[in-house]
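# Coordinate inspection notes
Each chain is listed here by its residues.
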Amino acid sequence: GFQQSEVDPASVPFKSKKQEKQRKEKLAKDLEEREKNKEEEKKAQLLKQKQAAKDAAKAEKNRTRTQKRQAKRNEREETWESLAKEETLAKKLRKGKITASQFESRLKRISSKESGDEEEADDAPELSDEEEVSGKAINAKYALKRNKRKKGKKG
């Protein structure tokens with residue numbers, strides 16, 4: 001069978017100096033053309049990507065009624081979920097299961113996830129229990145105070 005040679009045919013020089021000079025000129029010219037083509041291809045690819053992004057944005061704007069309704073429902077659902085999480089945290093704080101600083105840090109994490117800032121949520125340092133017990137946040141007072149309804153009839 002056929003076996004590929006390890007010698008690159010483009011690197012083999014001619015014996016004639018005239019032909020070798022022409023070969024080198026042609027190689028240099030081909031190399032320049034390849035470089036130009038690479039640059040042009042990159043530009044064309046960038047243009048395609050930009051166009052695709054524009055098309056995607058335009059398609060997002062031209063949503064159907066059903067898609068708009070669904071997006072609105074999803075947004076409402078996410079809002080209720082975040083409110084429920086916040087209320088759960090407030091209840092834990094009132095019961096004394098978490099400290100005020102834990103409440104604040106977790107509340108920030110919930111609000112940053114809701115707004116889509118995943119990086120901000122990860123940047124918040126996670127405090128150990130000893131650190132959190134010693135430093136209570138003043139801003140969480142609103143969660144501690146809660147007027148409870150009195151049992152019985154109004155009269």
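Keep in mind it's a predicted model, so treat the numbers as computed, not measured.

Cut-offs used in this document
Residues numbered from 1 in each chain as written. Predicted model: local features only at pLDDT ≥ 70, side-chain atom pairs only at ≥ 80, totals over all residues. Heavy atoms only, no water. Patch = residues over 30% accessible without salt bridge, like charges linked within 9 Å, V, L, I, M, F, W, Y side chains within 5 Å. Areas by Shrake-Rupley, 256 points an atom, 1.4 Å probe, with all protein chains shown as cover. Salt bridge = Lys/Arg side-chain N within 4 Å of Asp/Glu carboxyl O. Lys, Arg positive; Asp, Glu negative; His and termini not counted. Charge placed at Lys NZ, Arg CZ, Asp CG, Glu CD. Helix = DSSP H or I, 4+ residues; strand = E, 2+ residues; numbered from the N terminus. Buried < 20%, exposed > 50% of the residue type's maximum accessible area, 1.4 Å probe, protein only. Expected span 1.5 Å × (residues − 1). Axes fitted to C-alpha atoms, helices over the stretch in contact; angles between N-to-C directions. Parallel < 35°, antiparallel > 145°, perpendicular 65-115°, else oblique. Contact = heavy atoms within 4.5 Å. Nonpolar A, V, L, I, M, F, W, Y, C, P; charged D, E, K, R; others polar.

Attention shifts here to a positive patch on the surface. Judged by side-chain charge, Arg-65, Lys-68, Arg-69, Lys-72, Arg-73 and Arg-76 come together as a positively charged surface patch. Relative to the helices and strands, Arg-76 is located in helix 2 (residues 65–95).

The next thing to look at is a negative patch on the surface. Judged by side-chain charge, Glu-75, Glu-77, Glu-78, Glu-81, Glu-86 and Glu-114 come together as a negatively charged surface patch. Top contributing element to the negative patch by residue count: helix 2, with five residues. With respect to the element layout, Glu-81 can be found in helix 2.

It is worth spelling out the pattern of salt bridges at this point. Per the stated rule, a full pass over the model turns up two salt bridges. Among the ionic pairs, Glu-20 bridges to Arg-23, the shortest N-O distance being 2.7 Å. Of this pair, Glu-20 and Arg-23 are both found in helix 1 (residues 17–61), three residues apart, which corresponds to roughly one turn of the helix. On the accessibility criterion, Arg-23 (16% relative accessible area) is buried. Where Arg-94 meets Glu-87, a salt bridge forms, and the shortest distance between an N and an O atom there is 3.6 Å. Among the residues examined, Arg-94 registers a relative accessible area of 27% and is labelled partly exposed. Of the residues examined, Glu-87 reaches a relative accessible area of 44% and is grouped as partly exposed.

The end-to-end C-alpha separation of helix 3 (residues 100–115) is 23 Å, in line with the 22 Å expected for 16 residues at 1.5 Å each. Within helix 3, burial applies to Ala-100, Ser-101, Gln-102, Phe-103, Glu-104, Ser-105, Leu-107, Ile-110 and Ser-112. Downstream of helix 3 by a residue or two, Gly-116 has a phi angle that is positive, lying close to 90°.

The subject of this paragraph is the packing of helix 2 against helix 3. Across the interface, helix 2 lies against helix 3 with an axial gap of 10 Å and an inter-helix angle of 175°. What the angle tells us is that helix 2 and helix 3 run roughly antiparallel. Of the residues in helix 3, those touching helix 2 at Ser-82, Lys-85, Glu-86, Leu-89, Ala-90 and Leu-93 are Ala-100, Phe-103, Arg-106, Leu-107, Ile-110 and Glu-114. The residue makeup of the contact of helix 2 with helix 3, split by class, is seven nonpolar, one polar and four charged.

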